[in-house]
Amino acid sequence: MKFHYSKENLKPRQAKLQRSLEILPGACSWSVLLGLIFLSIFFPFTAAILIAAFYLSWIMRILYSTLFLLLSYLQMNIERNTDWVLRIHGIDNLPVYLKEVTPKRFGRHWRQRVSHKIHLRQLNKLSASGILPPASKDLYHLVIFPVIKEGRDILEPAIDAISRQNFHLKQTVVIFALEERAALPIQNTVYELEKKYKDVFFDCFTVVHPAVVPGEARVKGANVTCAAKQAAVFFQNRQIPFENVIISCFDADTVVSLNYFACLTYHFMVSPNRHRASFQPIPVYHNNIWHVPGFARVVETGSSFYQLIEATNPEKLVTFSSHSMSFKALVDVDYWPVDMISDDSAIFWKSYIHYDGQYQVVPMYVTLSMDVASAHNWWQTAYSVYKQKQRWAWGVENFPIVMRAFLRSKKIPLYEKLRLGFKLFEGNLSWATSGFILSIIGWLPVIFARREFASSVVYYNVPDIANTIFALGFFAICITIILSLSILPKTKIRYRWLLKLGHAFEWLMVPFILVVFSAMPALHAQTRLMFGKYLEFWVTDKKRIPQK
Amino acid sequence: MLWLRKIVFYIFALIYLVICPLIVARMLGFVINPLTHHIVKTGLVYISTNPPDATVYVDGRLSHQKTPAVLRDLRPGKHFIRIEMDGYNDWERDVPIVGKKATVLANTLLIPQEWPIKKISDRSYQNIFPAGQDILIATDPILKDIDIYHSSQGPGKSLFSKNSIYADGLLVRLFSAPKSPFILLEATIKDKHKFLWVNLKENPPMVEDISDLFSDIPTRIAWDNADNENIFAFYLRDVYRINIKDKAVSLQDAGRLPEGLGTQASDALSDKFLINDKNTLLVREGIQIRIYPKEDFGPSKVYDIARSKPLTNMYFEEKTGELFYLDDDTGFLYTAQILPYHPILNIPIPESLRIDIPKKESAI
């Protein structure tokens with residue numbers, strides 16, 4: 001469906017609808033919170049029952065998520081030692097490869113066997129679809145790094161990680177999408193890096209994005225779109241079909257794991273609908289994780305875990321942060337939105353609408369590491385983390401646009417519209433309200449209890465039920481702590497175990513984090529959208545301590 | 001993974017749909033009677049005792065909870081509740097239970113088999129007054145015999161040394177304000193009427209003669225415990241503000257007196273206290289000190305504690321739960337441990353469960 005994926009330049013009727021839908025999430029979140037406070041004060045009995053029902057749903061959700069976090073973590077471990085390059089070469093000659101691998105009982109370890117089973121299933125699906133991929137030797141990777149204030153300490157590890165990939169580097173093109181308004185030292189660094197890595201890859205060049213372009217906002221999407229358009233010209237000039245190009249749009253601090261591009265190539269090749277799919281790795285925030293305050297460590301580990309859980313549900317998965325997709329799809333949908341902050345999720349919705357619902361996200365159990373927002377002191381870091389979360393929560397800007405598209409589209413099935421619309425709405429509502437209800441509002445009926453409520457059975461039963469539910473929640477947190485400890489990168493300092501023990505205790509800050517770094521920025525973002533005070537792109541502070 | 005996720009989702013959703021109404025019903029006090037398999041409405045009893053950790057029996061069955069305890073799933077009607085603790089009398093009542101309601105027995109005072117009473121002084125006094133934080137002034141007509149006690153912290157110390165110029169003076173009245181570290185002594189010293197302002201925060205206490213600031217003998221003197229500079233002298237017609245620091249006296253509009261003025265003069269008696277989160281009355285009747293614990297479900301009971309010298313003050317220290325009084329026979333200072341623990345205050349007790357104390361009596 002041809003759809004103008006933007007809030008700008010709408011016809012009056014569409015603009016009105018857009019504005020109403022912008023108000024909806026914030027209004028609902030505030031209604032839930034204020035409504036519960038009102039009920040807690042004037043009708044504590046009703047509030048207590050509603051809150052108990054919410055607590056129960058919350059614990060069910062936590063246990064459900066913990067189960068899939070465990071399974072997802074297992075799957076990540078299963079695929080940790082997979083030889084993606086071998087599999088890629090196999091797909092190049094699929095009929096022979098299928099015959100070779102099908103009867104084999106592959107590997108000694110259960111992990112290898114499970115991985116092989118999944119691999120076989122994917123191969124059979126590919127074979128049955130009849131839509132075979134281009135040969136791996138004809139596939140190209142395009143990597144775009146948007147740069148505005150990131151220095152060499154941030155950029156070089158990112159590009160260095162790509163230069164150490166176990167997939168053909170001469171099939172990789174790296175583009176620095178440099179903002180014209182970037183400071184001179186940053187520009188110099190970019191040109192130095194371009195020179196240094198030009199011969200390592202198929203090509204490495206810089207595209208400067210003009211400071212002012214009519215119709216564009218000062219957002220990352222505009223910068224990377226400019227770079228991608230230049231890349232399109234680059235591939236056209238070399239007669240490389242867009243179908244053979246996989247684009248990865250990375251944040252400047254993204255350090256990919258050694259087999260990222262091999263894994264990405266495999267998933268691209270094995271997916272029959274490879275041109276209608278985005279490929280989502282698991283983002284982890286390990287670059288500077290041991291150099292940030294404890295709360296920031298917990299916040300970002302939580303974000304990684306959220307992605308791990310979401311990875312188990314491709315039907316509802318939406319692209320997030322650094323990810324990859326078919327370049328053909330990107331060109332077809334006319335690149336990223338140039339006036340939206342949440343370009344990473346917006347590109348999924350834009351593609352989903354463009355292809356009338358025939359677009360999906362393929363989860364990849366491979367990690368790429370980024371920086372935790374960090375500044376020079378605790379308060380600055382807290383401010384940076386808050387702003388970053390607010391920017392993530394600004395993804396709610398997609399809601400009104402997606403809803404308008406759903407209302408217009410006749411080809412997307414109604415069930416899909418309802419399912420995804422509900423997920424988008426409920427996700428934002430629960431993001432902005434759960435933390436407040438769990439940590440603060442849940443206690444109000446007891447605090448504001450008046451005589452008649454204080455002498456009711458409910459008054460005495462609510463804390464009891466809440467305690468049982470929180471005990472179960474603590475069990476889930478214990479599992480999260482164990483996984484968190486096993487997933488964290490090793491550090492070369494003495495008394496590492498002490499550091500890890502400290503990190504385990506940092507998880508006790510979860511109630512505080514839920515309110516300050518989750519619910520509050522989300523509610524802030526929704527309130528701004530509600531009042532039409534649109535957020536401007538705010539580049540997150542990143543700070544690394546040099547490794548000796 | 002996707003199919004597994006769907007299956008687990010539906011299982012969890014089903015569990016939620018089944019469990020949620022059950023939990024809400026449980027919260028409201030509905031349970032299934034195992035004998036009849038019918039849903040019955042139940043109530044509960046909340047019991048906290050002073051002291052806590054007492055054993056509770058409901059209808060003769062030992063409860064697994066010690067006080068404070070919430071006894072749930074009690075069918076409507078009367079239930080016999082007994083509370084036991086070593087060294088204390090058993091507390092037993094028929095407690096009525098109403099469906100969906102909580103019967104609150106908050107801060108139930110357990111009466112010891114023998115009240116713990118301790119002698120503090122080896123000499124007799126005329127009267128006692130509370131002053132400042134935990135300070136007790138034990139008075140005698142002669143100023144050098146007035147002692148200060150820091151509640152329960154050993155023997156008292158003389159307010160005036162024997163060499164003090166005020167030592168031989170005779171006490172007429174003593175004014176103190178709750179929680180104020182100052183007292184005002186009205187005394188006759190060498191045939192002169194004097195007013196002495198005493199700061200008990202200092203060690204030894206600092207005494208200042210402020211007699212010049214009084215034109216006549218006031219009927220009452222009062223001050224706010226948060227204000228260390230101003231006192232108010234009440235005469236028959238006028239009220240004067242006396243600034244002790246600046247030695248200034250000014251006429252005060254009687255209608256604009258600061259709130260929180262409170263003093264106790266030696267001619268006013270303090271012998272009634274609402275204690276234990278205001279649900280127990282501690283009072284002297286004649287010479288007998290008695291306690292009336294809260295009673296909701298049975299005949300009122302009264303317990304004798306000790307005998308106190310008539311027309312003297314008693315002092316109940318809320319922090320420690322101790323009562324200070326002068327013994328009827330000897331005039332010695334004694335203390336009785338009335339509340340072993342500070343009462344629990346976090347549960348709002350319905351007004352219907354509080355002892356109804358007439359307003360005049362409660363103005364202690």
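Small disclaimer: the values here were computed from a predicted structure and weren't measured.

Calculation rules
- Residues numbered from 1 in each chain as written.
- Chains lettered and ligands numbered in written order.
- Predicted model: local features only at pLDDT ≥ 70, side-chain atom pairs only at ≥ 80, totals over all residues.
- Helix = DSSP H or I, 4+ residues; strand = E, 2+ residues; numbered from the N terminus.
- Rg over C-alpha atoms; globule rule 2.2 N^0.38 Å.
- Buried ≥ 20, exposed ≤ 12 C-beta atoms within 10 Å, placed from the backbone.
- Contact = placed C-beta atoms within 7 Å.
- Axes fitted to C-alpha atoms, helices over the stretch in contact; angles between N-to-C directions.
- Parallel < 35°, antiparallel > 145°, perpendicular 65-115°, else oblique.
- Left-handed = near helix turned anticlockwise from the far one by under 90°.
- Nonpolar A, V, L, I, M, F, W, Y, C, P; charged D, E, K, R; others polar.
- Domains from an automatic or database assignment.
- Pairing = 2+ DSSP bridges.
- Core = buried A, V, L, I, M, F, W, Y, C linked by C-beta atoms within 7 Å.

### Considerations on the overall build of chain A
Helix and strand content of chain A: 20 helices and 8 strands. For chain A, the C-alpha radius of gyration of 24 Å lies close to 24 Å, the compact-globule estimate for 548 residues. Projected onto its principal axes, the C-alpha coordinates of chain A cover approximately 80 × 60 × 50 Å. A buried classification covers 45% of the 548 residues belonging to chain A. Relative to all contacts within chain A whose residues are 6 or more apart in sequence, the contacts with residues 24 or more apart total 84%.

### A short note on the packing of helix α6 (residues 152-163) of chain A against helix α7 (residues 184-197) of chain A
Residue and element names in this part refer to chain A. At a minimum axis separation of 11 Å, α6 and α7 run at an interaxial angle of 20°. Relative to α7, α6 is oriented roughly parallel. The two elements α6 and α7 cross, and the hand of that crossing is right-handed. Within the contact between the two elements, α6 uses Arg152, Leu155, Glu156, Ile159 and Ser163 and α7 uses Thr189, Leu193 and Tyr197. Considered class by class, the residues forming the contact of α6 with α7 number 4 nonpolar, 2 polar and 2 charged.

### Quick notes on the domain arrangement of chain A
Once the domains are mapped, chain A shows domain 1 (12-76 + 421-530) and domain 2 (79-129). The straight-line distance from the C-alpha centre of domain 1 of chain A to that of domain 2 of chain A is 41 Å.

### Observations regarding the sheet that holds strand β6 (residues 69-74) of chain B
Here we have 3 strands laid out as an open sheet, ordered β6-β3-β9 (chain B), and mixed in their pairing. With one partner strand each, in any of the chains shown, β6 and β9 (102-109) of chain B form the two edges of the open sheet. The average angle at which neighbouring strand axes cross in this sheet is 15°, direction not considered. With 4 bridges joining them, strand β3 (residues 43-50) of chain B and β6(B) adopt antiparallel strand pairing. By the bridge assignment, B:Val45 is partnered in β6(B) with B:Leu71. This element, helix α18 (residues 457-487) of chain A, spans β3, β6 and β9 of chain B of the sheet and lies at about 75° to β3(B).

### Some thoughts on the interface of chain A and chain B
Listed as interface residues are 26 residues of chain A and, on the opposing side, 26 residues of chain B. Contributing elements (two or more residues each) for the side of chain A that touches chain B: α2 (44-78), α17 (451-454) and α18 of chain A. Split by residue class, the side of chain A that touches chain B holds 18 nonpolar, 6 polar and 2 charged.

### Digging into the domain arrangement of chain B
Under the domain assignment, chain B is made up of domain 1 (30-109), domain 2 (131-265) and domain 3 (272-362). Residue composition of the side of domain 1 of chain B that touches domain 3 of chain B, by class: 9 nonpolar, 3 polar and 2 charged.

### Here we look at the environment of A:Leu63
Residue and element names in this part refer to chain A. Relative to the helices and strands, leucine 63 is located in helix α2. Overall, leucine 63 belongs to the partly exposed group, with 17 C-beta atoms counted inside 10 Å. Separated by 410 residues in the primary sequence, leucine 63 and glycine 473 have C-alpha atoms spaced 7.7 Å apart. Among residues more than four places away in sequence, those in contact with leucine 63 are Leu472 and Ala476.

### Details of the pairing of strand β24 (residues 272-275) of chain B
Residues and elements named next belong to chain B. Going residue by residue along β24, you find Phe273 and Ile275 tucked away on one face and Lys272 and Leu274 left uncovered on the opposite face. Relative to strand β25 (residues 280-285), β24 runs antiparallel, the two being bridged by 4 bridges. Each residue of the ladder has a partner; that of lysine 272, found in β25, is valine 283.

### Notes on unusual backbone geometry
For residues besides glycine, phi is generally negative; the peptide bonds are generally trans as well. Residues and elements named next belong to chain B. Between asparagine 50 and the following residue, proline 51, the backbone shows a cis peptide bond with an omega angle of 5°. Cis geometry marks the peptide bond from threonine 67 to proline 68, where omega comes out at 0°. Inspection of the secondary structure puts proline 68 in the loop between β5 (61-66) and β6. In this structure, aspartate 191 takes a positive phi of about 65° despite not being glycine.

### Re the environment of A:Ala161
All names here are of chain A. Mapped onto the secondary structure, alanine 161 falls in helix α6. Taking the C-beta count within 10 Å as the criterion, alanine 161 has 18 such neighbours and is therefore assigned partly exposed. As a C-alpha pair, alanine 161 and threonine 254 span 93 residues in sequence and 8.9 Å in three-dimensional space. Those residues in contact with alanine 161 that sit more than four places away from it in its chain are Val255 and Val256.

### A closer look at the nonpolar core
Nonpolar side chains in soluble globular proteins tend to be buried together. Counting 172 residues, the largest nonpolar core has A:Leu142, A:Ile144, A:Phe145, A:Ala177, A:Ile247 and B:Val45 as its most contacted members. Those residues in contact with A:Ile144 that sit more than four places away from it in its chain are A:Ile175, A:Ala177, A:Val224, A:Ala227, A:Ala228, A:Ile247 and A:Cys249. Listed in part, the 53 residues of the second largest apolar core include B:Leu196, B:Leu200, B:Ile242 and B:Tyr325.

### Notes on the packing of α18(A) against helix α1 (residues 2-27) of chain B
Contact geometry for α18(A) and α1(B): axes closest at 8 Å, N-to-C directions at 135°. Here α18(A) is positioned oblique relative to α1(B), judged by the angle of their axes. On α1(B), the residues touching A:Val458, A:Asn461, A:Val462 and A:Ile465 of α18(A) are B:Ile23, B:Arg26 and B:Met27. Considering only residue class, the contact of α18(A) with α1(B) consists of 5 nonpolar, 1 polar and 1 charged.

### With respect to the pairing of strand β30 (residues 332-337) of chain B
Two faces, one strand: in a regular strand the side chains alternate between the faces of the sheet. Residues and elements named next belong to chain B. Pairing of strand β10 (residues 117-124) with β30, which is carried by 4 bridges, proceeds in the antiparallel orientation. Following the sheet pairing, serine 124 is matched in β30 by phenylalanine 332. Sheet analysis places strand β29 (residues 322-326) next to β30, joined by 5 bridges and oriented antiparallel. Bridging across to β30, leucine 323 finds its partner in alanine 336. Adjacent in sequence and paired antiparallel, β29 and β30 are bridged by 5 residues, among which glycine 331 carries a positive phi angle near 75°.

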